[in-house]
Amino acid sequence: MQRSTEKLYKIFKLEAEFNYSNKAVVGGLEKLTDTWGGEARADGLSEDVIQQVISLLDQYPSLDTSARAEALTKIGQILDIAGIKHLPLPNNEKSSQSRIQQSVESSQPEATQATQKKNRRGSTRKRTSTSAALPQSAMPQGLEVSVTTVRGIGQKQSQLLAKLDLHTIEDMLYYFPRRYDDYSKLRTIKNLTYGEEVTILAWVKSIKTFTTRNKKRKSTQAIVSDSTGSIQLMWFNQEYHMRYLRKNMFLSISGKIEQYMGRLVMYHPDYEQVDKQQLHTNRIVPVYSLTARLSQRWLRRMIHNVVTNWAPKISDFITEYIIEDAALMDLSTALKEIHFPENTSSLKKARYRLAFDEIFLMQLGVLKQKYEWTNLDGRVFDISDDWLIDRVKFLDFKLTDAQIHVLADIRQDLASGHPMNRLLQGDVGSGKTIVAALGISIVVKHGAQGAFMAPTSILAEQHYFNLKRLLANKEDDGAVLDKKDIRLLIGDTPAKEREEILAGLADGSVKLVIGTHALIEDPVVFKDLQIVIVDEQHRFGVAQRAALREKGHNPHLLVMTATPIPRSLALTIYGDLDISIMDEMPAGRQPVETHIVYPIERERIYTLIRTQVEEGHQAFIIYPLVEQGDNEESKAAVEEQARLQSKVFQNLNAGLLHGRLRPDEKETVMRKFRDREYDILVSTSVVEVGVDIPNATVMVVEGANRFGLAQLHQFRGRVGRGEDQSYCILIPETSDAAENERLLAMESTNDGFILAEHDLQQRGPGEFLGTRQSGYTDLRCADLTDVHLIEKARNYASQVFDNDPTLSAPEHQRILDALNHFWPSEEGDVS
Ligand code: ADP
Ligand code: MG
């Protein structure tokens, strides 16, 4: 069996054991869509098969239990996996064959493309669908009844709604419009002029279709008029409009005004039938995101039903005092206004109120989490000053003051009797690894186990070597571990070795395991896991972190990030963690010189690289992700490496690294680069995080305009790690000054915090929360750049919490309900 197929085989077996509860993979089986396609392509599976599988996986969470079993079985058939052509039926559920068949199959052909797009976009953009660990809306009980309760929604419609993730009344109340059509700004036909894009309201006066004589096409024409005049609408070869349009229908029509034989016309306009009634009361009309086969009008009417019937009955969970003090709109009104606003100012107030709720509950959630966490018992790991001083003495450098402070924090946490729960934030190159290593050494010295999770196998391997050097150096008589006590577990670890490691972790003979998410996906059991380190934590989801922590009994947790987070955001998102900041670089580092260089000057850069290599240094050249997807990304790097090697750097060695290489191939390339077999490493963005090659002094980023500042800063952090002057060269694709203005920030500062603020303002929070930081990027109303709102909501949340941390006062009952709903308890681990 191919690797990619085998992987699914194992997961599906497990999922069947979990009775199709979507727990076999952290974050849900839909998470597989991120990575599995690439693996399958590498295994040579056909694109058609891959897309079918991805499409089924993507729907998986929205299916009911028996449909899930069906879906997995179907994948088994598509992939021809003998063992999963017939998975066991789920417990307590009769298989309702026909219905399932429908829900799995009917949606397939059209879903395939959409899914494909979504996945590709999903890697850089905000996800729109909710997934397991996400905060839900802030609704108290009672709204969790099925959408079929609504008049006009039957079984069939509810299946279509399910595709939009709308299952309950509450889902519909919280399905906010994508945009609004403002009919208070309508145009009259008489005043239209050529070339404008407009929306008009008009009655259909006539409609006909005929075949044009010379061109042999079908032309459908309608005349529509309002009280000021009339205009012609025209479609070619779209006879079906005849079926929708009737004389005297009242329409809203949008499109561009063109000319035909001296008269104004609209070609292929969008139109929609309008209820005059509704327009009367609502001049601003919501427009929702749709799925195929649902009409805007229908959905709007259903949501109108829901809002009219249910919104007024909602009792507000925010205490009256806060509503008054913070001048908030009440919840019922806000939910009505966000869908069917009276006017723009009430819409704004509604949004503000709903955004307030999100931040308020998020903040209460993290505070509660922190409170619960600090009340847990943790094992005490205490060491003497002398022991620690000895450890530090063996290093071949002096710790910075910042490192010493953080080490003191960690030491105190470990001795506190409560589990450590700390975020270590330090710019790239500030030396976080050694601090983590010292933390680990304190724990393993007492015989307990540690786990260190990194986002990529290259990084995991690098940490593995470093940690062996730091903790198990033979020449160093203070070594806390033996080399064989430290193991590397990544997706690529051979089966036999994996067995050995798993056995060692279970019986306690392996003291420290370093790995990727393989640490949590596999049936890894620890005898006594007491410290968990998560590196580059923004690459991991909340759930993945929690899963690793679950493997021990209240272990100490240290998460590390090089992504600077503006304070307001840090307090909101990481409010449950204690935060340590390392704001100092090791001595002797020179700031990296950054230059924006336009494509025509590329030759100069090649010269710079040659000179640097002559002086014994090395260089990175990064190529961006081109929109068409991963293949393209690899292609750019592959082609450029060939060109550079044969035409530009004939006398130098250029290595090639990209995401489609197998992990062992990647490692070989990295090792060769580290051992200076390559002078130049041509790469896609896979080198982004953490990789440490102190000898490299040049970082060239092609297509620099495609990257966020935080990411460019990460690239830049790959150089300037030694004592020599290093250079970061940003080459945008064009010399368009306006587009490249953003890049100037890179020239002007080396401060990751400032760059992160820029990114936050310009690209929104997704950029540096990482796409995997599920939950936070899915806030529906709150804009994480709105510092004012965040501070305000946070202050009220803290106020409530400080007075009543368990929210047990009667006036807080509804807040507690809303909170439990927002962070359901089994998913409530937000750290
Ligand atoms: P990051 O914070 O980006 O993870 P690393 O832990 O990889 O940084 O450290 C970057 C480099 O700096 C490593 O080569 C490490 O050995 C070195 N280093 C760490 N601390 C110091 C120090 N106090 N003085 C000099 N070099 C240091
Ligand atoms: Mg690091």
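For the structure, check the block above.
Below or above, wherever it landed, is the structure these notes cover. Starting afresh in each chain, residues are numbered from 1 along the sequence in its written order. Written order decides the labels, with chains lettered from A and ligands numbered from 1. A pLDDT threshold of at least 70 governs which residues receive local features in this predicted model, and a stricter bar of 80 or more applies before side-chain atom pairs are shown or counted, although totals over entire chains, interfaces and linings include all residues. Derived side-chain values reflect all non-hydrogen atoms in the structure, with water molecules and hydrogen atoms excluded from consideration.

Only DSSP runs of H or I with at least four residues qualify as helices, and only runs of E with at least two residues qualify as strands; both kinds are numbered from the N terminus onward. Within the protein chain one finds 31 helices and 21 strands. Buried residues are those whose accessible area, probed at 1.4 Å on protein chains only, stays under 20% of the maximum for their type, while exposed residues exceed 50% and partly exposed ones sit between those limits. The buried share among the 831 residues of the protein chain stands at 55%. Partitioning the intrachain contacts of the protein chain with sequence separation of at least 6 by distance along the chain shows that 73% fall at a separation of at least 24. Only carbon and sulfur atoms are counted for the fraction: they give 48% of the accessible area of the protein chain, which is about 37000 Å². Every residue pair with non-hydrogen atoms within 4.5 Å of one another is taken to be in contact. Accessible surface is estimated by sampling points in the Shrake-Rupley manner with a 1.4 Å probe; for residues, cover comes only from the protein chains shown.

What follows is about the site of ligand 1. The rule for a residue being near a molecule or strand is that one of its heavy atoms must lie within 4 Å of it. Neighbouring residues of ligand 1: 16 residues in total, closest Lys 398, Gly 429, Lys 432, Thr 433 and Arg 589. Two N or O atoms form a polar contact when they lie within 3.5 Å of each other; inside protein one atom must be a possible hydrogen donor and the other a possible acceptor, and for residues adjacent in sequence the pair counts only when both atoms belong to side chains. In this structure, Gly 429 approaches ligand 1 through a main-chain N or O atom, which is 2.6 Å from an oxygen atom. Between ligand 1 and Lys 432, the relevant distance is 2.8 Å, taken from an oxygen atom to a side-chain nitrogen or oxygen of the residue. Here ligand 1 has 570 Å² of accessible area as a free molecule, and 84% of this is covered by the chains.

The next subject is the nonpolar core. Within soluble globular proteins, side chains that are nonpolar tend to cluster in buried spots. Of all hydrophobic cores here, the largest spans 88 residues; its most connected members are Met 172, Leu 173, Phe 356 and Phe 360. The biggest single contributor to this core is helix H14 (residues 344–374), with 11 residues. Put simply, buried Ala, Val, Leu, Ile, Met, Phe, Trp, Tyr and Cys residues joined by side-chain atoms within 4.5 Å make one nonpolar core. Within the second largest apolar cluster, 44 residues are counted, among which are Leu 388, Ile 440, Ala 472 and Met 582.

With that settled, the discussion passes to the pairing of strand S13 (residues 529–534). Each regular strand shows side chains that alternate between the opposite faces of the sheet. Burial runs high along S13: 6 of the 6 residues are buried. When DSSP locates at least two bridges between a pair of strands, those strands are taken to pair. Bridging between strand S10 (residues 449–453) and S13 involves 5 bridges; their strand directions are parallel. Bridging across to S13, Phe 452 finds its partner in Ile 533.

Any two side chains of opposite charge can pair, given that their charged atoms come close. Any carboxyl oxygen of Asp or Glu that lies within 4 Å of a side-chain nitrogen of Lys or Arg is treated as forming a salt bridge with it. Throughout the structure, instances matching the rule amount to 23 salt bridges. A salt bridge links Asp 578 to Lys 370, with the nearest nitrogen and oxygen atoms 3.1 Å apart. With Asp 578 in strand S15 (residues 578–582) and Lys 370 in helix H14, this pair connects stretches of sequence that are 208 residues apart. Of the residues examined, Asp 578 reaches a relative accessible area of 27% and is grouped as partly exposed. For Lys 370, a relative accessible area of 25% gives the class partly exposed. Arg 422 is the partner of Asp 413 in a salt bridge, and the nearest nitrogen-oxygen pair spans 2.6 Å. The pair formed by Asp 413 and Arg 422 is uniform in burial state, with each residue classed as buried. In the salt-bridge network here, residues are joined through shared partners; they are Asp 316, Arg 353 and Asp 357.

What follows concerns helix H19 (residues 495–507). To estimate the expected span of a helix, subtract one from its residue number and multiply by 1.5 Å. Its 13 residues give H19 an end-to-end C-alpha distance of 18 Å, which sits within 8% of 18 Å, the value for a rise of 1.5 Å per residue. When H19 is considered as a whole, its buried residues turn out to be Arg 498, Ile 501, Leu 502, Gly 504 and Leu 505. Along H19, the residues classed as buried sweep out an arc of 160 degrees about the axis, all on the same side. Away from the buried face of H19 by more than 90 degrees, exposed residues Lys 496 and Glu 499 are located. Contact partners of the buried residues in H19: S10, strand S11 (486–489) and strand S12 (512–515). Taken from the helix axis, the directions to the C-beta atoms give the arc we talk about.

Once that is clear, we can look at the packing of helix H13 (residues 331–339) against H14. H14 packs onto H13 with a crossing angle of 120 degrees between their chain directions and a minimal axis gap of 8 Å. In terms of axis orientation, H13 runs oblique to H14. Judged by the twist between their axes, the crossing of H13 over H14 is left-handed. Contact residues: H13 offers Leu 331, Ala 334, Leu 335, Glu 337 and Ile 338, while H14 offers Ser 346, Leu 347, Ala 350, Arg 351, Arg 353, Leu 354 and Asp 357. Under the scheme applied, nonpolar residues are Ala, Val, Leu, Ile, Met, Phe, Trp, Tyr, Cys and Pro; charged residues are Asp, Glu, Lys and Arg; polar residues are all the others, including Gly. Of the residues in the contact of H13 with H14, the class split is 7 nonpolar, 1 polar and 4 charged. Each axis is a line fitted through C-alpha atoms, taken for helices only over the stretch in contact, and angles between the N-to-C directions span 0 to 180 degrees. Each angle receives one of four descriptions, namely roughly parallel if under 35 degrees, roughly antiparallel if over 145, roughly perpendicular if within 65 to 115, and oblique otherwise. Definitions for this section: a left-handed crossing has its near helix turned counterclockwise from the far helix by less than a right angle. A right-handed crossing has that turn clockwise.

Looking at the secondary structure, you find Asp 679 in the loop between helix H25 (663–674) and strand S19 (680–683). Within the local environment of Asp 679, its side chain forms a polar contact with the backbone nitrogen of Asn 653, the two atoms lying 2.8 Å apart. Ignoring anything within four residues of it in the chain, the contact list for Asp 679 reads Val 613, Gln 618, Ala 619, Leu 652, Asn 653 and Phe 673.

A word on the sheet that holds strand S21 (residues 727–731). One open sheet accounts for 6 strands, arranged S16-S21-S20-S17-S19-S18; its pairing is parallel. Both edges of this open sheet fall to strand S16 (593–596) and strand S18 (654–657), since each of them pairs with a single strand only. Adjacent strand axes in the sheet meet at a mean angle of 15 degrees, parallel and antiparallel pairs treated alike. Pairing analysis gives 4 bridges linking S18 to S19, with the strands arranged parallel.

The end-to-end C-alpha distance of H14 is 45 Å, a good match for the 45 Å that 31 residues give at a rise of 1.5 Å each. Measuring from the backbone nitrogen of Ser 345 back to the side-chain oxygen at the start of H14 gives 3.2 Å, which picks out Asn 343 as the cap.

This paragraph deals with a negative patch on the surface. Together, Glu 614, Glu 615, Glu 723 and Asp 724 make up a negatively charged patch on the protein surface. Its relative accessible area of 41% is what places Asp 724 among the partly exposed residues. Residues qualify for a patch when their relative accessible area is over 30% and they have no salt bridge, like charges being joined within 9 Å and the nonpolar side chains of Val, Leu, Ile, Met, Phe, Trp and Tyr within 5 Å. Charge assignment in this entry is limited to Lys and Arg as positive and Asp and Glu as negative, and neither His nor the chain termini are counted. Positions of charges follow a simple convention, taking NZ of Lys, CZ of Arg, CG of Asp or CD of Glu.

With that out of the way, let us pick up the side chain of Asp 485. Within the secondary structure, Asp 485 sits in the loop between helix H18 (457–471) and S11. Excluding residues that lie within four positions of it along the chain, Asp 485 makes contacts with Ser 509, Val 510, Lys 511 and Leu 512.

Take the environment of Leu 14 next. By the element assignment, Leu 14 lies in helix H1 (residues 3–17). Overall, the relative accessible area of 29% leaves Leu 14 in the partly exposed class. For the pair Leu 14 and Ala 24, spaced 10 residues apart in sequence, the C-alpha separation works out to 5.8 Å.

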